[in-house]
Structures are given as structure tokens and as C-alpha cells.
Amino acid sequence: MKRIPLGLATLMCLAAGPAAAQQLLQPSVPANKPVPTQTGVGPQLEQAQPMQVPKVATDPDQRPQSSSPIPSTGPAKQVSAEQATPARKNPASVLDAAGKPLGGMIQVAPNRVYDPATGLYHWTRMEGQQQKLID
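First, a word on what this report is: a plain description of the structure on this page. (Residues numbered from 1 in each chain as written. Predicted model: local features only at pLDDT ≥ 70, side-chain atom pairs only at ≥ 80, totals over all residues. Heavy atoms only, no water.)

Things to note about the overall build of the protein
Tallying secondary structure elements over the protein gives two helices and six strands in all. The secondary structure elements of the protein, listed N-terminal to C-terminal, are α-α-β-β-β-β-β-β. Across the 135 residues in the protein, those meeting the buried criterion constitute 10%. For the protein, the exposed area adds up to about 13100 Å²; of that, 60% sits on carbon and sulfur atoms. (Helix = DSSP H or I, 4+ residues; strand = E, 2+ residues; numbered from the N terminus. Buried < 20%, exposed > 50% of the residue type's maximum accessible area, 1.4 Å probe, protein only. Areas by Shrake-Rupley, 256 points an atom, 1.4 Å probe, with all protein chains shown as cover.)

A short note on the packing of aromatic side chains
Under the defined criterion, the tally for this structure stands at one aromatic pair. A cation over an aromatic ring shows up here: Arg112 above the ring of Trp123, its NZ or CZ 4.3 Å from the ring centre. (Phe/Tyr/Trp six-rings, centres within 6.5 Å; stacked < 30°, edge-to-face > 60°. Lys NZ or Arg CZ within 6 Å of the ring centre and 35° of its normal.)

Examining the sheet that holds strand E6 (residues 130-133)
The sheet built from six strands is open, its strands ordered E2-E1-E6-E5-E4-E3 with mixed pairing. In this open sheet, the two edge strands, each paired with only one partner strand, are strand E2 (101-102) and strand E3 (106-109). Relative to E6, strand E5 (residues 120-127) is paired through four bridges, and the arrangement is antiparallel. By the bridge assignment for E6, Arg125 is matched with Lys132. (Pairing = 2+ DSSP bridges.)

Some words on the pairing of E6
Working note: regular strand, side chains alternate between the two faces of the sheet. Pairing of strand E1 (residues 94-95) with E6 involves two bridges; the strand directions are parallel. Of the residues in E6, the one forming a bridge with Val94 is Gln131.

Quick notes on the pairing of E3
Of the pairings in the sheet, the one linking E3 to strand E4 (residues 112-115) comprises three bridges and is antiparallel in character. Pairing of Ala109 across the sheet is with Arg112, part of E4. Hairpin connection of E3 to E4: two residues between the antiparallel strands.

What to know about the side chain of Gln107
Examined against the element boundaries, Gln107 turns out to sit in strand E3. Engagement of the side chain of Gln107 in a polar contact is seen with the backbone oxygen of Ala109, the distance being 2.3 Å. Here the side chain of Gln107 touches Pro110 through a polar contact of 3.4 Å, landing on its backbone oxygen. (Polar contact = N/O pair within 3.5 Å; in protein donor to acceptor, adjacent residues only side chain to side chain.)

Below is the structure:
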């Protein structure tokens, strides 16, 4: 009788191990099948119950008073008149290219002014304490 080499026998056992493990995890077939309790498609709806309409008196004086009074102030905090109006920016002192002061310019950014007369925005640069128009 021939003998199987030890290495080949070990290899065959290692290869058969995962196959045997898969057979162990197979679900078993139930002996009896569950009987469906519902017939038809989808769940069955119950019959609607008639709803009673609550009776409300037509005259407001006949209605019961609320258990909690309505507060006179809401959850929001009152805003003072100073906070309600937006802060006006002071007119910027801007010089034109010739060095003449331009009035009515509104500072909108560190290097930008708005001219309300023309509706245009202008770039500026700082020269000492004054701003000078670039464009």
C-alpha cells in the first residue's frame, strides 16, 4: 500500500477546512412553512370611527377663559431707537488728483469711498492723514 506524502496530506486537510466550515453555517430548512395570516395585498385597514365635533360657543363671552394669560411682551427683546436705525458713516475727507478736497464721499472700506452724487465707488490710497482718489 502506498503512503501519501505528509505535505500533500496536510495541504488537503487545510483546503478542506473552509469547505467544511461553509457547510456548517448553512441554514436549516424549516419542517413546516409559516401560514400567512393576511389575505390580499398590503395591510388591512380598520374601519374609520366617527369623530365627534367639539362644540364651541359662537359668542366669545360664553367661551371658557384660558388657563394661562397671554403675556404682553414676546420672547424677543425690545430694541431701542438708537439700535433700530443703522449708524451713518461720517463723510470721508478725500482729496482729488489735484489735491482739492471732495465733499460728500462716504467711507465704505479702508481703501474705498462712495460718491452719492454720481452713484460710483472709487479706490483711494492714504497720503498722510488724507485719502487720495486713485481713479
